[in-house]
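# Survey of secondary and tertiary structure
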Amino acid sequence: TCPPAMSRRVVRQSKFRHVFGQPVKADQMYEDIRVSKVTCDSSFCAVNPKFVAIIVESGGGGAFIVLPLAKTGRVDKNHPLVTGHTAPVLDIDWCPHNDNVIASASEDTTVMVWQIPDYVPVRNITEPVVTLEGHSKRVSIISWHPTARNVLLSAGCDNLVILWNVGTGEMLLALDDMHTDLIYNVGWNRNGSLLVTTCKDKKVRVIDPRKQQIIAEKTKPHDGTRPIRAIFVADGKIFTTGFSRMSERQLGLWDLNNFEEPIALQEMDTSNGVLLPFYDADSSIVYLCGKGDSSIRYFEITDEAPYVHYLNTYSSKEPQRGMGFMPKRGLDVSKCEIARFFKLHERKCEPIVMTVPRKSDLFQDDLYPDTPGPEPALEADEWLSGKDAEPILISLRDGYVPIKNRELKVVKKNILDSKPPPGPRRRHSTCDSEFSQPALEEVLEEIRALKETVQAQEKRISDLENKLGQFTNGTD
């Protein structure tokens, strides 16, 4: 029997206390990739259950490479790239509802959305499905809505946040008077009803995008001058990373109902890399990856003091240039894998697997609650009209099998559906007519979308003229 002293629990009980990280074997890495050298605090890598996408160096213009997950080893130097931007790509994000659709943001002020075929194309993909133009300066942040189909957010160095309907190519909302300086990051909450943003003006804002209102604001959650990051975690709380006045890296946990005082504020170290937080809602673990660090620290967020519990650190010798984070449905549940990172080095991408040690080979349902699947819960117009919906969940009991190249269900004016994925062009022996019917429809569709954009801009101009008129009348 245990001595009485041993029976008292001194250590906090958690099934995630022993999570450990391990890099894959050398032959399962992606080698010979010229990772972008652009100085930007984005993660440079996006992954889903089918593909890994990495922003790469490209002479003139901007490019990223898309590799099927299974295509490990040395990447052929002539492997096709996605090359449509005229200046460096700064951010990429896979659509959560279609594993063959990815968006890219660039220094050329545009956002482009691409359909990636399941096969490896013969030549570069140069034609986006749609180009979204509305920013006046470089666009450094993009993020898909978690539950509404085809809704994409972009944020640029013009301090503007724009929400787009990708299926029609139109601007849904522009949040233009909210940020007084450069936006550092933007994150959705779980059902996509709210945004959290961080900004160079040292404020964290919580925004209701459809009401175009700031509903909560915190000035200087961290006293230091270096960039802050913020994400939503469970129960609508906000997790931040930043720097103290003495340049120590900090993390903070905040409650919107009492934004003045942190629930938790912890100091970590004196490194100067911005900490990128990656959050897994199913386990309530947040992983912190600093650009230029060679480690990943991870913490469990709970309702018990001190609320943010340090679990462990995965350490390695090489610093990371960027990091991809696999959605839960892309993990190997038979190996008790609870997270997989794709760490970018200068010339390669190294997957790192986070595992909970378990003796049993059976499905561990306590580690894998139902998790968001690939079905959107809302259409773009439903969300815009004020509806909210939680993500549609799926079970991982039998593992997740990615769907074949998935055409989006046809929504009115959905460009993504009507355009076939780019592939090797077959030569037809008979000469095609000058202008095929689908091409004509596509041009008409674009003209319609442009008309709508012009009308929206005209309305905005006239509103601004009226405001200016009132202003000048009042001062004469």
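Please read these numbers as outputs of a predicted model, since none were measured by experiment.

## So, the sheet that holds strand 10 (residues 110-115)
An order of 8-9-10-11 is seen for the four strands of this open sheet, with the pairing classed as antiparallel. A single partner strand is all that each edge strand has here, and the edge strands are strand 8 (89-94) and strand 11 (130-133). Sheet twist, expressed as the average angle between the axes of neighbouring strands with direction ignored, equals 20 degrees.

## Observations regarding the pairing of strand 15 (residues 170-175)
Looking along a regular strand, one sees side chains alternate from face to face of the sheet. Note that strand 14 (residues 161-165) and strand 15 share five bridges and pair antiparallel. In the sheet register, Val-161 faces strand 15, and the bridge partner there is Leu-175. Count of turn residues in the strand 14/strand 15 antiparallel hairpin: four residues, of which Gly-169 carries a positive phi of about 75 degrees.

## Focus: a nonpolar patch on the surface
A cluster of nonpolar side chains, Leu-440, Val-443, Leu-444 and Ile-447, forms an exposed patch at the surface whose accessible area comes to about 300 Å². Tracing the backbone through its elements, the reader meets Val-443 in helix 4 (residues 437-475). In this structure Val-443 comes out as partly exposed when scored by relative accessible area, which is 35%.

## Some thoughts on the confidence of the model for the chain
On average, residues of the chain carry a pLDDT of 89, and 90% of them reach 70 or more. Contacts from residues 3-8, a stretch scored under 50 in pLDDT, to residues over four places away or in other chains number zero contacts. This model gives residues 408-412 a pLDDT under 50, and the stretch forms 14 contacts once residues within four places in sequence are excluded.

## Describing unusual backbone geometry
The linkage connecting Ala-305 with the following residue, Pro-306, adopts the cis geometry, with an omega of 0 degrees. Positionally, Pro-306 belongs in the loop between strand 26 (295-301) and strand 27 (308-315). Within the chain, Phe-44 stands out as a residue other than glycine whose phi angle is a positive 65 degrees. Structurally, the position occupied by Phe-44 is in the loop between strand 2 (30-31) and strand 3 (45-47). For Phe-44, a relative accessible area of 1% gives the class buried. Unlike most non-glycine residues, Asp-235 shows phi in positive territory, near 60 degrees. Locating Asp-235 in the fold gives a position in the loop between strand 20 (229-232) and strand 21 (238-243).

Each value, and the rule that gives it
Residues numbered from 1 in each chain as written. Predicted model: local features only at pLDDT ≥ 70, side-chain atom pairs only at ≥ 80, totals over all residues. Heavy atoms only, no water. Pairing = 2+ DSSP bridges. Helix = DSSP H or I, 4+ residues; strand = E, 2+ residues; numbered from the N terminus. Axes fitted to C-alpha atoms, helices over the stretch in contact; angles between N-to-C directions. Patch = residues over 30% accessible without salt bridge, like charges linked within 9 Å, V, L, I, M, F, W, Y side chains within 5 Å. Areas by Shrake-Rupley, 256 points an atom, 1.4 Å probe, with all protein chains shown as cover. Salt bridge = Lys/Arg side-chain N within 4 Å of Asp/Glu carboxyl O. Buried < 20%, exposed > 50% of the residue type's maximum accessible area, 1.4 Å probe, protein only. pLDDT = per-residue confidence, 0-100. Contact = heavy atoms within 4.5 Å.

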